[in-house]
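# Structural overview for review
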Amino acid sequence: MSTWVVGLWGVAALATSLASCKSTAPPGPYSTPAAVSRSTVEAEALSREGADLVEKDSARAETLLCQALTKDLFYGPAHNNLGVLYLKQDKLYEAANEFEWARKLIPGHPDPRVNLAITLERAGKIEEALASYGAALEVFPDYLPAIEGIASLTARAGKKDERLAGWLDSIAMRSEEPAWRTWACSHRAKFPP
Amino acid sequence: MPDGYTVVVGGLEVESKSKATSEVPLLGRIPLLGALFSDQSRSESKTRFFVFIRTSVMRSATFEDLRFASTQDLAAAKVEDGWPRLEPRLIR
């Protein structure tokens with residue numbers, strides 16, 4: 001009789017512990033999408049609205065972007081846009097974290113990698129920033145912002161890279177911003193044609 | 001001390017008190033009535049000077065990261081360094 005009671009208590013304790021494990025496990029970026037509720041359409045709308053407010057009303061933008069991630073934790077653009085907001089507030093650690101999420105969730109998009117590189121560059125992590133710009137160029141070889149970033153950092157850090165002249169040519173010819181074109185032309189003059 | 005943290009290492013406090021009296025000669029010295037011909041002022045000031053130190057560990061063996069040591073401070077002070085700045089990109 002007592003053995004049966006002890007066994008019953010054991011089964012009850014195991015069931016309780018399993019139930020608590022299920023309820024407390026935080027959903028990560030690699031959890032099964034079916035395990036959490038997702039509303040991607042609402043997240044997309046909130047993310048776009050938040051992105052429009054990043055420059056004008058950062059507090060409201062942050063609220064909207066967090067709401068977007070509540071609707072769909074796996075919506076990569078919302079992570080990217082929240083990272084941009086944090087970067088503008090000089091919250092480098094938080095920004096890098098959001099860009100990492102975005103990079104994993106939308107691996108075919110170069111912007112999270114470029115943004116992560118900008119964050120690492122501002123933190124003085126040169127090698128990591130160069131690697132991140134390089135990763136963006138692997139995803140999208142002619143992506144001009146990544147070329148601008150890697151060329152600028154390579155020149156600023158005094159690195160010797162045989163691709164630098166080609167990057168400067170690309171910026172000088174393709175950039176829509178006069179400041180970048182002028183800068184590229186002035187640095188290109190230091191290299192042989 | 002962890003990298004990037006700021007500490008206050010000391011402070012200097014200067015406290016000054018001053019009292020000034022201006023009066024009409026002779027009349028200002030008459031007991032009780034002299035207050036009508038004089039003016040007194042007092043002032044106190046306290047100045048505190050603190051020294052803040054922020055660590056920034058240079059990890060590169062060739063000190064390449066030294067070039068970036070003041071990048072953020074320059075940006076915060078809105079001082080242009082002559083290089084175009086790449087802005088982070090939103091996804092809409």
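Here the structure is a predicted model, which is why all the values come from computation and not from measurement. (Residues numbered from 1 in each chain as written. Chains lettered and ligands numbered in written order. Predicted model: local features only at pLDDT ≥ 70, side-chain atom pairs only at ≥ 80, totals over all residues.)

## Regarding the overall build of chain B
To be explicit about the condition: Per the convention used, a helix needs a DSSP run of H or I reaching at least four residues, while a strand needs a run of E reaching at least two, with both numbered from the N terminus. Exposed residues have 12 or fewer other C-beta atoms within 10 Å of their own C-beta, buried residues have 20 or more, and partly exposed residues fall in between, where C-beta atoms are placed from the backbone. Placing C-beta atoms from the backbone, we regard two residues as in contact once those atoms come within 7 Å.
Each helix and strand counted, chain B has one helix and two strands in total. Mapped from its N terminus to its C terminus, chain B presents α and β elements in the order β-β-α. For chain B, with 92 residues in total, the buried portion stands at 4%. In chain B, 59% of the contacts between residues at least 6 apart in sequence involve partners at least 24 apart.

## Description of the overall build of chain A
In terms of helices and strands, chain A carries ten helices and zero strands. Sorting the 193 residues of chain A into buried and exposed places 37% on the buried side.

## Describing the confidence of the model for chain A
Stated formally: Confidence per residue, as judged by the predictor, is encoded in pLDDT with a range of 0 to 100.
Of all residues in chain A, 80% attain a pLDDT of 70 or more, and the chain-wide mean is 83. Low confidence marks residues 13-25 of chain A, where pLDDT is under 50. Its contacts with residues over four positions away, or in another chain, come to zero contacts.

## Structural notes on the environment of A:Ser132
Residues and elements named next belong to chain A. With respect to the helices and strands, the residue Ser132 is situated in helix 7 (residues 126-139). Taking the number of C-beta atoms within 10 Å as the measure of exposure, Ser132 has 27 and is therefore buried. Sequence-distant contacts of Ser132, defined by excluding residues within four places in its chain, comprise Arg113, Leu116, Ala117 and Leu120.

## Thoughts on the interface of chain B and chain A
Here is the rule we go by: Three classes are used: nonpolar for Ala, Val, Leu, Ile, Met, Phe, Trp, Tyr, Cys and Pro, charged for Asp, Glu, Lys and Arg, and polar for all others, with Gly counted as polar.
Contact with chain B, which involves 14 residues of that partner, is made by 27 residues of chain A. Looking at the side of chain B that touches chain A residue by residue, the class counts come to seven nonpolar, two polar and five charged.

## As for the nonpolar core
For the record, the criterion: We call a set of buried Ala, Val, Leu, Ile, Met, Phe, Trp, Tyr and Cys residues a nonpolar core when their C-beta atoms link them within 7 Å.
Formed by 47 residues in total, the largest nonpolar core has its most connected members in A:Leu65, A:Ala68, A:Ala117, A:Tyr133 and A:Ile150. Setting aside residues up to four positions removed in sequence, A:Ile150 forms contacts with A:Leu130, A:Tyr133, A:Gly134, A:Leu137 and A:Trp167.

## Considerations on the packing of helix 4 (residues 76-88) of chain A against helix 6 (residues 111-122) of chain A
Angle between the axes and distance between the axes are the two parameters that describe a pair of packed helices. Residue and element names in this part refer to chain A. Threshold: Interaxial angle, 0 to 180 degrees, is taken between N-to-C directions of lines fitted to C-alpha atoms, where a helix line uses only the stretch in contact. Roughly parallel means an angle under 35 degrees; roughly antiparallel means over 145; roughly perpendicular covers 65 to 115; every other angle is labelled oblique. Helix crossings get a hand from a simple test, with the near helix turned counterclockwise from the far one by less than a right angle marking a left-handed crossing and a clockwise turn marking a right-handed one.
Between helix 4 and helix 6, the least distance of the axes is 10 Å, while the angle of their chain directions is 20°. What the angle tells us is that helix 4 and helix 6 run roughly parallel. Judged by the sense of rotation from one axis to the other, the crossing of helix 4 with helix 6 is left-handed. Along its contact with helix 4, which presents Asn80, Gly83, Val84 and Leu87, the element helix 6 presents Asp111, Pro112, Asn115, Ile118 and Thr119. The residue makeup of the contact of helix 4 with helix 6, split by class, is four nonpolar, four polar and one charged.

## Focus on the packing of helix 3 (residues 58-71) of chain A against helix 4 of chain A
All names here are of chain A. Two elements in contact, helix 3 and helix 4, have axes whose closest approach is 9 Å; the angle formed by their N-to-C orientations is 155°. Regarding the angle of helix 3 to helix 4, the classification is roughly antiparallel. The handedness of the crossing between helix 3 and helix 4 comes out as left-handed. Side by side, helix 3 and helix 4 meet where Ser58, Ala61, Glu62, Leu65, Ala68 and Leu69 of the first sit next to Ala78, His79, Asn81, Leu82 and Leu85 of the second. Among the residues making up the contact of helix 3 with helix 4, the classes are represented as seven nonpolar, three polar and one charged.

## Thoughts on helix 7 of chain A
This is how it is decided: By this rule the span expected of a helix is its residue count minus one, scaled by 1.5 Å.
If you check helix 7 of chain A, its first and last C-alpha atoms are 20 Å apart, about what 14 residues at 1.5 Å a residue would give, namely 20 Å. In this fold, the buried residues of helix 7 of chain A make contact with helix 6 and helix 8 (144-156) of chain A.

## Description of unusual backbone geometry
Residues and elements named next belong to chain A. One non-glycine residue, Asp90, lies in the positive phi region at around 60°. One can find Asp90 in the loop between helix 4 and helix 5 (92-105). Residue classification places Asp90 among the exposed positions, given that 12 C-beta atoms sit within 10 Å.

## Brief notes about the confidence of the model for chain B
Detailed reading of the predicted coordinates is not advisable wherever pLDDT falls low. Residues and elements named next belong to chain B. Across chain B, the average pLDDT comes to 83, with 93% of residues at 70 or higher. Model confidence for chain B, summarised as mean pLDDT per element, is weakest for helix 1 (residues 71-76) at 70 and strongest for strand 2 (residues 38-54) at 90. Here the prediction assigns the complex a pTM of 0.66, and the interface score ipTM is 0.74.

## Focus on helix 2 (residues 40-53) of chain A
Along an α-helix, residues three or four positions apart point the same way, because every turn accommodates 3.6 residues. All names here are of chain A. Our working rule: Taking the helix axis as origin, the arc is that swept by the directions to the C-beta atoms.
The end-to-end C-alpha distance of helix 2, which contains 14 residues, comes to 20 Å, matching closely the 20 Å that a straight helix rising 1.5 Å per residue would cover. Listing the buried residues of helix 2 in full gives Ala43, Leu46, Ser47, Gly50 and Ala51. Taken around the axis of helix 2, the buried residues stretch over an arc of 135°, which confines them to a single face. Tucked inside the fold, the buried residues of helix 2 contact helix 3 and helix 4.

## Let's talk about the pairing of strand 1 (residues 6-23) of chain B
Every regular strand shows the same layout, with side chains that alternate between the two sheet faces. All names here are of chain B. Here is the rule: Strands are labelled as partners when DSSP assigns at least two bridges between them.
Counted residue by residue, strand 1 has zero buried out of 18 residues, so it is predominantly exposed. Pairing analysis gives 17 bridges linking strand 1 to strand 2, with the strands arranged antiparallel. Bridge assignment links Glu15 to a residue of strand 2, and that residue is Lys46.

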